[in-house]
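Coordinate inspection notes
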Protein chains: 2
Amino acid sequence: MAHTSTEHEVLAVVFQVRQVQQAANKRKASLHVLLWQRALEPEKEKWSLPGGRLESDEDLTSSVRRQLAEKVDLRELAHLEQLAVFSEPARVPGPRTIASTFLGLVPSPATPELPPDTRWHPVSTLPPMAFDHAPMVEHARTRLVAKLSYTNIGFALAPSEFALSTLRDIYSSALGHPVDATNLQRVLERRHVITRTGTTARSGRSGGRPAALYRFTDSRYRVTDEFAALRPPG
Amino acid sequence: MAHTSTEHEVLAVVFQVRQVQQAANKRKASLHVLLWQRALEPEKEKWSLPGGRLESDEDLTSSVRRQLAEKVDLRELAHLEQLAVFSEPARVPGPRTIASTFLGLVPSPATPELPPDTRWHPVSTLPPMAFDHAPMVEHARTRLVAKLSYTNIGFALAPSEFALSTLRDIYSSALGHPVDATNLQRVLERRHVITRTGTTARSGRSGGRPAALYRFTDSRYRVTDEFAALRPPG
DNA sequence: GCAAAAGTGTTATGATTACACCCATGA
DNA sequence: TCATGGGTGTAATCATAACACTTTTGC
């Protein structure tokens with residue numbers, strides 16, 4: 001029987017909604033993924049998901065946490081969840097390696113320090129990706145979009161306190177379509193996903209009514225409404 | 001570094017909706033899962049999911065198919081899909097073993113021949129289960145329920161042609177709550193998930209209008225409505 | 001006062017559940 | 001003709017999207 005060694009690796013798709021300088025004084029939020037650029041063959045110069053080999057005394061989740069902590073400062077990781085397994089025998093050169101992918105989320109204002117080979121990339125314009133890492137990002141994004149509808153997973157992308165317009169930008173970037181702040185508020189309040197703090201933000205340089213601040217009621221992953229759906233407009 | 005060998009196994013949660021003799025002449029459909037009883041330690045006498053060790057030249061899906069074919073005659077498997085990975089280091093005794101679980105579905109009328117140690121069990125009353133196999137069944141059931149709402153996955157549980165009342169029984173058993181045949185028809189027809197064959201069944205011994213026959217439009221897994229939901233009554 | 005941003009109220013839409021009523025068949 | 005199961009039509013419910021309008025601030 002052909003039972004030679006099989007390696008097992010974990011790979012994390014870590015997302016964050018980040019502000020991007022558009023024009024002179026226009027900033028726009030968009031969903032980014034954390035990638036590092038390979039310095040060596042194989043797939044030199046291409047971009048990879050963070051992760052690495054699973055050790056024998058750790059489960060998958062511990063392994064991802066360890067590897068993310070090694071490569072990047074990701075103590076700010078607010079959510080980590082197992083996704084699919086990629087098991088095609090020839091998916092990477094060398095010994096046969098099975099990959100378990102994870103979805104990781106970093107809250108919006110956090111700016112963890114990154115090693116020089118590591119960078120945030122907008123998911124809408126991915127650089128050349130190593131191996132089968134591109135479909136992994138795609139898959140993770142699909143799961144994130146689905147879960148934003150029926151869970152409180154937004155807590156892991158948002159600041160601890162936020163105005164509704166901020167939350168709208170986060171949801172809209174992650175979902176990939178415009179979101180109405182008004183309706184978002186009512187949907188999330190009805191489900192007790194967000195709560196008013198009672199305080200308000202100060203209004204910006206150009207005036208405007210000060211925004212009420214909210215926080216997520218739970219900062220632990222929870223299914224809030226099994227059948228909910230945030231639909232795109234139109 | 002503690003990189004001793006790590007085994008990898010695949011385990012399949014195979015479901016089928018089966019008729020069960022209730023009272024004298026009452027039959028009731030309910031969701032069953034395929035299990036085999038362990039003859040040896042560890043966990044002797046307890047019931048296990050079918051599966052086994054992953055070989056180095058196969059991907060996970062091929063491995064499940066092979067192992068199911070070895071243990072039980074499951075050429076009738078209409079759907080097979082990867083679920084979660086269970087990776088706790090001590091989840092089974094002996095060498096560290098990671099388990100990838102699969103969801104398998106067998107259409108309703110099929111009655112594949114089973115080895116003597118293997119049997120269908122109602123998911124509502126599981127026997128004593130080996131290792132961590134009970135939560136695996138639970139997880140698979142949750143996924144099945146979710147997917148019945150927004151995909152055409154019912155095709156893998158239903159006969160090739162069926163009356164709507166039959167389909168209602170299948171959905172209702174799998175979902176775990178009553179389903180209205182009338183509404184099921186309209187929901188699935190609107191999405192073009194099922195199609196009328198044009199033929200009708202003969203009415204039963206106690207009369208009744210002959211039922212129109214339907215079939216699933218596609219017999220390949222497909223997401224039919226991203227945002228759909230079959231809700232329980234009440 | 002005016003522009004800008006936030007928040008409220010209300011309506012429209014669409015999918016799904018609920019249910020009363022009509023239809024076709026066998027004994 | 002009656003019981004039995006099948007099918008149609010229609011109303012009720014509910015969640016969400018859409019949008020006009022009011023409120024509060026800075027300049």
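Our structure's up above, just so we're on the same page.
Everything quoted here is computed from the prediction, not taken from an experiment.

**Some thoughts on the environment of Arg222(A)**
Residue and element names in this part refer to chain A.
- Looking at where arginine 222 falls in the secondary structure, it is placed in the segment after strand E10 (212–216).
- In this structure, the C-alpha to C-alpha distance between arginine 222 and valine 193, residues 29 residues apart in sequence, is 9.4 Å.
- The contact partners of arginine 222, leaving out residues within four places of it in the chain, are Thr151, Asn152 and His192.
- Within polar-contact distance, the side chain of arginine 222 engages the side chain of aspartate 218 at 2.4 Å.

**Focus: the protein's contact with DNA strand C**
- Near DNA strand C there are 28 residues, and of these Ala212(A), Arg190(B), Arg191(B), Arg231(B) and Gly234(B) occur at the shortest range.
- Considering DNA strand C, the proportion of its atoms within 4 Å of the protein that are sugar or phosphate atoms stands at 65%.
- Interatomic distance of 3.5 Å between a side-chain N/O atom of Gln185(A) and a phosphate oxygen of DNA strand C.
- In the model, a base oxygen of DNA strand C is placed 2.8 Å from a nitrogen or oxygen of the Arg186(A) side chain.

**Observations concerning empty space enclosed by the protein**
- Within this structure, the stated rule accounts for one cavity of 30 Å³ or more.
- What lines the largest cavity is simply Thr6(A), Glu7(A), His8(A), Ile98(A), Thr6(B), Glu7(B), His8(B) and Ile98(B).
- When residues of the lining of the largest cavity are traced back to their parent elements, those giving at least two are strand E1 (7–21) of chain A together with strand E1 (7–21) of chain B.
- Considered class by class, the residues forming the lining of the largest cavity number two nonpolar, four polar and two charged.

**Some words on helix H4 (residues 181–190) of chain A**
Residues and elements named next belong to chain A.
- Taken as a whole, H4 has its buried residues at Leu184, Val187 and Leu188. Mapping the buried residues of H4 onto a view down its axis gives an arc of 90°, with all of them on the same face. Turned more than 90 degrees away from the buried face of H4, the exposed residues are Arg186 and Arg190.
- Considering only its buried residues, H4 is in contact with helix H3 (164–175) and strand E9 (194–200).
- Where H4 starts, the residue carrying a side-chain oxygen 2.6 Å from the main-chain nitrogen of threonine 182 turns out to be aspartate 180.

**Digging into the interface of chain B and chain A**
- Each partner contributes to the interface: chain B provides 29 residues, whereas chain A provides 29 residues.
- Between chain B and chain A, the buried area comes to about 2500 Å², and carbon and sulfur atoms account for 53% of it.
- Inspection of the chain B/chain A interface yields zero salt bridges.
- Connecting chain B to chain A are 11 residue pairs in polar contact (both at pLDDT 80 or more).
- Taken together, the elements giving at least two residues each to the side of chain B that touches chain A come down to E1, strand E5 (79–86) and strand E6 (97–105) of chain B.
- Take the side of chain B that touches chain A: its biggest share by element is three residues, from E5(B).
- Taken together, the residues of the side of chain B that touches chain A sort by class into 12 nonpolar, eight polar and nine charged.

**A word on the nonpolar core**
- Of all hydrophobic cores here, the largest spans 46 residues; its most connected members are Phe15(A), Leu144(A), Leu167(A), Tyr171(A) and Phe216(A).
- Listed by contribution, the elements that provide at least two residues to this core are E1, strand E2 (27–37), strand E5 (79–86), strand E6 (97–105), helix H2 (133–150), H3, H4 and E10 of chain A.
- Excluding residues within four positions of it along the chain, Leu167(A) makes contact with Ala158(A), Phe162(A), Leu184(A), Leu188(A), Ile194(A) and Phe216(A).
- By size, the runner-up hydrophobic cluster in this structure holds 43 residues, among which are Val145(B), Phe162(B), Leu184(B) and Leu230(B).

**A short note on the protein's contact with DNA strand D**
- Taken together, 30 residues form the shell around DNA strand D, and within it Arg190(A), Arg191(A), Gly208(B), Arg209(B) and Ala212(B) come nearest.
- Sugar plus phosphate: this is where 64% of the atoms of DNA strand D within 4 Å of the protein reside.
- In this structure, Gln185(B) approaches DNA strand D through a side-chain N or O atom, which is 3.4 Å from a phosphate oxygen.
- A distance of 3.3 Å is found between a base nitrogen of DNA strand D and a side-chain nitrogen or oxygen belonging to Arg209(B).
- Taken together, the elements giving at least two residues each to the surface near DNA strand D come down to H4 of chain A together with helix H4 (181–190) of chain B.
- The leading source of residues in the surface near DNA strand D is H4(A), at four residues.

**Remarks on the layout of surface pockets**
- Each pocket or cavity is described by its volume, and for the largest pocket that value is around 1500 Å³.
- Residue lining of the largest pocket: 42 residues in total, with Arg143(A), Lys147(A), Tyr150(A), Arg143(B) and Tyr150(B) positioned closest to the centre.
- Put simply, the parts of the chain that give the lining of the largest pocket at least two residues each are E5 and H2 of chain A together with E5 and helix H2 (133–150) of chain B.
- Residues that form the lining of the largest pocket fall into these classes: 25 nonpolar, nine polar and eight charged.
- Lining the second largest pocket are 23 residues, and of these Ala163(B), Ser165(B), Thr166(B), Asp169(B) and Arg205(B) sit closest to its centre.

**Some details on the environment of Thr195(B)**
Residue and element names in this part refer to chain B.
- Relative to the assigned elements, threonine 195 resides in strand E9 (residues 194–200).
- For the pair threonine 195 and serine 219, spaced 24 residues apart in the sequence, the C-alpha separation amounts to 12 Å.
- In terms of polar contacts, threonine 195 uses its side chain to reach the side chain of threonine 217, at 2.7 Å.

**Comments concerning the side chain of His8(B)**
- When you line up the elements, His8(B) lands in strand E1.
- Judged by relative accessible area, His8(B) falls into the buried class, the value being 5%.
- A distance of 3.5 Å separates the side chain of His8(B) from the side chain of His8(A), its partner in a polar contact.
- Excluding residues within four positions of it along the chain, His8(B) makes contact with His8(A), Ile98(A), Gly52(B), Arg53(B), Leu54(B), Leu60(B), Thr97(B), Ile98(B) and Ser100(B).

**Points about the relation of the copies chain B and chain A**
- Here chain B sits on chain A after a turn of 180° about the axis and a move of 0.1 Å along it, with an RMSD of 0.0 Å. Both copies of the chain, as the preceding transformation shows, are related through a two-fold rotation axis.
- Take the interface residues of chain B: 100% of them recur as interface residues in chain A, which is what a same-surface contact looks like.

Conventions we followed
- Residues numbered from 1 in each chain as written.
- Chains lettered and ligands numbered in written order.
- Predicted model: local features only at pLDDT ≥ 70, side-chain atom pairs only at ≥ 80, totals over all residues.
- Heavy atoms only, no water.
- Helix = DSSP H or I, 4+ residues; strand = E, 2+ residues; numbered from the N terminus.
- Contact = heavy atoms within 4.5 Å.
- Polar contact = N/O pair within 3.5 Å; in protein donor to acceptor, adjacent residues only side chain to side chain.
- Near = heavy atom within 4 Å.
- 1 Å grid on protein atoms, 1.4 Å probe; cavity = no way out; pocket = protein on both sides within 12 Å on 5 of 7 lines; lining within 4 Å.
- Points joined across faces, edges and corners; volume = space filled by probe spheres on them.
- Nonpolar A, V, L, I, M, F, W, Y, C, P; charged D, E, K, R; others polar.
- Buried < 20%, exposed > 50% of the residue type's maximum accessible area, 1.4 Å probe, protein only.
- Arc of directions from axis to C-beta.
- Buried area = accessible area lost by both parts, 1.4 Å probe.
- Salt bridge = Lys/Arg side-chain N within 4 Å of Asp/Glu carboxyl O.
- Core = buried A, V, L, I, M, F, W, Y, C linked by side-chain atoms within 4.5 Å.
- Least-squares fit on C-alpha atoms with pLDDT ≥ 70 in both.

Honestly, that's just the spatial picture; any functional story needs more than this.
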